[in-house]
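Residues per chain, in single letters:
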Amino acid sequence: MVWLALLAACGGVDCAATPTAALAQAGDATLTCAEAGEAQRAVEQLAARRLTAAQSRDLRAALTAAWSREPAAWEQRLAQARAAREALAEEQGLEAAASRSHALWEALHGEGPLGADPDVRVVVRLAAAPWAQDDAQQLVLSEMDIEGWIFYASLCREVQGGGTLRLSVADRVMVYRRLQEAWDAAPPEDRLLLVGMGAFWEDVKSRWAAAPWEVQQRWIAAAPLPPPMNATSLGYAEALLGGDLPLHARTLHSGLGPLSLWEP
């Protein structure tokens, strides 16, 4: 008879203090905090941001319950999730953007190693917050993809002598809607470029700060920036987002790349 211990559900395991602690056991098989942590890193890579404390707890509970029902299957799935995360971390540039977006689509649609359990999928959805999807290409426009365009617009405004973008909650809603509209209107090949910002932003910031003046100026000259303006932050963002977004993405990646995905 298989002995099963759902230790995580009792809230008695401090994974931060003891990564090797058991969350569940079945015979000789054990789900440890470290293994659950690897799954969390995989979800964070797809979402391109950290899970909240509540999301982390929910993911750990969902994994523990799913693993307890199928220990052998979930040991294999967790190994596959780790391998997929490590492989994706090796990719760069717009190919990495497409791979991440596709992997997120799979996870949200019950495919891939993390898509097998509905409760795990709920956490993936909450973490990534998808705003649009392309089911034909199997791509997702997540919240961080949109946030990446806001970060980018802020950088563009700064290099043109303006200040950092300051958007109210209402302004951000308008920007989000503008990106959704751009996604809906974009041909398939351009949607690959719309997911090429947010997941790379930490690398963009580092490379921009370290780039020689000549490299920075070359990118500024090549980017299809709006005319210099004294518009509000929202006005500037709308002007930039009304331009050639695919060209913006190509120019950023070619000027500062090869860019790497954010790695949790």
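The structure reproduced in this document is the subject of the present report. Keep in mind it's a predicted model, so treat the numbers as computed, not measured.

Now for the pattern of salt bridges. Summed over the entire model, instances satisfying the criterion amount to 15 salt bridges. Taking the shortest distance from any N to any O, the salt bridge between arginine 77 and glutamate 70 comes out at 3.2 Å. For glutamate 70, a relative accessible area of 39% translates into the label partly exposed. Between aspartate 203 and arginine 207 there is a salt bridge, and its shortest N-O distance comes to 3.0 Å. With aspartate 203 and arginine 207 both in helix α9 (residues 201–210) and four residues apart, this pair spans about one turn of that helix. One connected set of salt bridges, linked through shared partners, spans Glu38, Arg41, Arg85 and Glu263.

Formed by 47 residues in total, the largest nonpolar core has its most connected members in Trp149, Tyr152, Val175, Phe200, Trp219 and Leu252. Among the elements that make up this core, the one with the highest residue count is helix α6 (residues 143–159) (eight residues). Setting aside anything within four residues of it in sequence, one finds valine 175 in contact with Ile150, Leu167, Leu234, Ala237 and Leu241. Counting 34 residues, the second-largest nonpolar core is a separate cluster that includes Ala29, Leu46, Leu78 and Trp105.

The next thing to look at is the pairing of strand β2 (residues 29–32). Sheet topology places strand β1 (residues 22–26) next to β2; four bridges connect them, and they run antiparallel. Within β2, the residue paired with glutamine 25 across the bridge is threonine 30. Once β1 ends, the chain turns through two residues before running back antiparallel as β2, passing glycine 27 with a positive phi of about 65°.

What follows covers the side chain of arginine 157. Along the chain, arginine 157 turns up in helix α6. For the buried arginine 157, no salt bridge is present, and the opposite-charge side chain at shortest range is glutamate 158, 8.3 Å distant.

Conventions and cut-offs
- Residues numbered from 1 in each chain as written.
- Predicted model: local features only at pLDDT ≥ 70, side-chain atom pairs only at ≥ 80, totals over all residues.
- Heavy atoms only, no water.
- Salt bridge = Lys/Arg side-chain N within 4 Å of Asp/Glu carboxyl O.
- Buried < 20%, exposed > 50% of the residue type's maximum accessible area, 1.4 Å probe, protein only.
- Helix = DSSP H or I, 4+ residues; strand = E, 2+ residues; numbered from the N terminus.
- Core = buried A, V, L, I, M, F, W, Y, C linked by side-chain atoms within 4.5 Å.
- Contact = heavy atoms within 4.5 Å.
- Pairing = 2+ DSSP bridges.
- Lys, Arg positive; Asp, Glu negative; His and termini not counted.

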